[in-house]
Amino acid sequence: MNANPVSLGPAGARLAGSRVRRLVSLVAIAALSGCASFSPDGGFGVVEQAARERLGKAVHWTRSPADLDSIDRRVGELLAGPLSVDDAVQVALLNNRGLQAVFQELGITEAQVVQAGRLPNPGFSFSRLRRDDEVERERGLHVNLARLLVMPIIGALEARRFEQVKGQVVLNMLTLAADTRKAHVQAVAAEEMVRYMRQVQQAAQASAELARRMSQVGNFNKLQRAREQSFHADAMLGLARAEQSQRATRERLTRLLGLWGAQTQFSLPERLSDLPAQLADRPDIEQVALAQRLDVQDARLLAEQTALNLGLTRRTRFINVLELGGIRNDSNEAPTQRGWEVGVELPLFDWGDARVARAEALYMRAVHRAAQTAVQARSEVREAYTAWRSAFDIARHHQDEIV
């Protein structure tokens, strides 16, 4: 008889008693009920919905060269004229390869979900023993019973992790859109600053030339001429800094848009858009942040998933290997032997307390991180809201009182 533990398959089940047959039938039904399959959209529908509802934009998951060609054509159409801020966001969502790499996380995770829902492959063993003229052959068909028992739990854990990955992908997409919008505003403002500093430099140059001529005829003293020359030198430095800032902001926008080659010669609007007439008050800004911020939702899902993992660890702390199997031995000098065998790992040295302690620590870490994420979200949204209103008031003051 084979010394290795073996487990029960269809052939061995028929040879065993009625209890074993019923047990295997129940396990098979439970396992089949938890089998997973690939979704039609690969989980990308959530990303498309978020882009449509939160940004009013379209996203596309490139999976073939034909998809890349269609995106290139669409990007070319958007770059044909001056690139507005909305068009820049659309180009980034379609053309940023880093975002496309993030989209692949959906396919990777869904494949793991499907794999977790698949039945484990049965194993087959065969041995041939000979003693003098006697030849003994042993055959065994086995399947991991412990894996079958926990399949529904593991499938639920992987499905929840898939939801978490969807949230992370949406968060990356929204972050890219926000960064692109900010980079576009900075690039347009930098080009406006270059034009303004060029005018200042030209005026300073004319003033310095006038001061030189006035000094030659004795109408300006040396101090007055030095002042004009110093103003001209400062204007030259200001123009150089503005040009460097313009190049840097444009390159940052180019990276976010995923452009290269001739595409980098895109044009921007000549000026920023006008200020709104007034800003809306948002007294419920903290509640909105906690309800809609994806990092808060992601932290909550992670804590829930860790809690489920803790429950699974506690249930299976004493069972690492559990196998049932059917055996059939035949010999040329003895009747055929039929039976079944159970293999269980004995918890003599490892009682599973270390695994449970680790799972409990992971759960508490997830709980504290979720709480900290909520605290940070409240603070960040308050800071962003006050900065938004202050920036509006400052810009309005410059527009009405200074410009």
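Note that the structure is a prediction, hence the values are computed from the model and not measured.

**Q** Is there a simple way to think about the packing of aromatic side chains in this case?
**A** What the rule picks out here adds up to three aromatic pairs. Seen from their ring centres, Phe44 and Trp61 are 5.6 Å apart, and the 45° between their planes marks the pair as tilted. Note that Phe44 is positioned in helix 3 (residues 44-55) and Trp61 in the loop between helix 3 and helix 4 (65-78), a separation of 17 residues in sequence. Of the two residues, Phe44 and Trp61, neither departs from the other in class, the shared state being buried. With a centroid separation of 5.9 Å and 50° between ring planes, the pair formed by Tyr385 and Trp388 is classed as tilted. Of this pair, Tyr385 and Trp388 both sit in helix 11 (residues 353-402), separated by three residues, roughly a single helical turn. Residue Tyr385 is classed as buried on the basis of its relative accessible area of 18%. Trp388 gets classed as partly exposed once you look at its relative accessible area, which sits at 41%. Taken together, the ring pairs connect Phe44, Trp61 and Phe103 into an aromatic cluster.

**Q** How do you make sense of the confidence of the model for the chain when you look at a structure like this?
**A** Interpretation of the predicted coordinates at a detailed level should be avoided for regions scoring low in pLDDT. Per-chain confidence: the chain averages 80 in pLDDT, with 80% of residues scoring 70 or above. Here helix 1 (residues 10-15) is the element of the chain with the lowest mean pLDDT, 42, and helix 5 (residues 85-95) is the one with the highest, 95. Contacts of residues 1-17 to residues separated by more than four positions or lying in other chains number 47 contacts, the stretch itself having pLDDT below 50.

**Q** Whenever I open this one, the pattern of salt bridges confuses me. Can you help?
**A** Two side chains that carry opposite charge are able to pair once their charged atoms sit near each other. Within this structure, the stated rule accounts for 12 salt bridges. A salt bridge links Lys166 to Glu163, with the nearest nitrogen and oxygen atoms 3.2 Å apart. Highlighted residues: Lys166 and Glu163, both in helix 7 (residues 145-216), separated by three residues, approximately one helical turn. The salt bridge involving Arg271 is made with Asp274; its shortest N-O contact spans 3.1 Å. Given the relative accessible area of 57%, Asp274 is considered exposed. Because the salt bridges share partners, they merge into one network encompassing Lys57, Asp86 and Arg181.

**Q** Before we go on, may I ask you to explain helix 5 in this structure?
**A** Given 3.6 residues per helical turn, the α-helix brings residues three or four places apart onto the same face. Buried residues dominate helix 5, accounting for eight of its 11 residues. Where helix 5 is concerned, the buried positions are Ala88, Val89, Gln90, Val91, Ala92, Leu93, Leu94 and Asn95.

**Q** Sorry if this is basic, but what is going on with the packing of helix 5 against helix 6 (residues 97-116) here?
**A** Helix-helix packing: each pair is described by the crossing angle between the helix axes and the interaxial distance. For the pair helix 5 and helix 6, interaxial distance at closest approach is 6 Å and the crossing angle is 50°. Judged on the interaxial angle alone, helix 6 and helix 5 are oblique. Together, Ala92, Leu93, Leu94 and Asn95 of helix 5 and Arg97, Leu99 and Gln100 of helix 6 make up the contact between the two elements. Taken together, the residues that form the contact of helix 5 with helix 6 break down as four nonpolar, two polar and one charged.

**Q** How should the environment of Val188 be read in this particular structure?
**A** Mapped onto the elements, Val188 comes out in helix 7. Looking at Val188, the relative accessible area reads 1%, which means it is buried. Separated by 104 residues in sequence, Val188 and Ser84 have C-alpha atoms that sit 9.7 Å apart. Other than its neighbours up to four places away in sequence, Val188 contacts Leu268, Pro269, Arg271 and Leu272.

Scoring rules and cut-offs
- Residues numbered from 1 in each chain as written.
- Predicted model: local features only at pLDDT ≥ 70, side-chain atom pairs only at ≥ 80, totals over all residues.
- Heavy atoms only, no water.
- Phe/Tyr/Trp six-rings, centres within 6.5 Å; stacked < 30°, edge-to-face > 60°.
- Helix = DSSP H or I, 4+ residues; strand = E, 2+ residues; numbered from the N terminus.
- Buried < 20%, exposed > 50% of the residue type's maximum accessible area, 1.4 Å probe, protein only.
- pLDDT = per-residue confidence, 0-100.
- Contact = heavy atoms within 4.5 Å.
- Salt bridge = Lys/Arg side-chain N within 4 Å of Asp/Glu carboxyl O.
- Axes fitted to C-alpha atoms, helices over the stretch in contact; angles between N-to-C directions.
- Parallel < 35°, antiparallel > 145°, perpendicular 65-115°, else oblique.
- Nonpolar A, V, L, I, M, F, W, Y, C, P; charged D, E, K, R; others polar.

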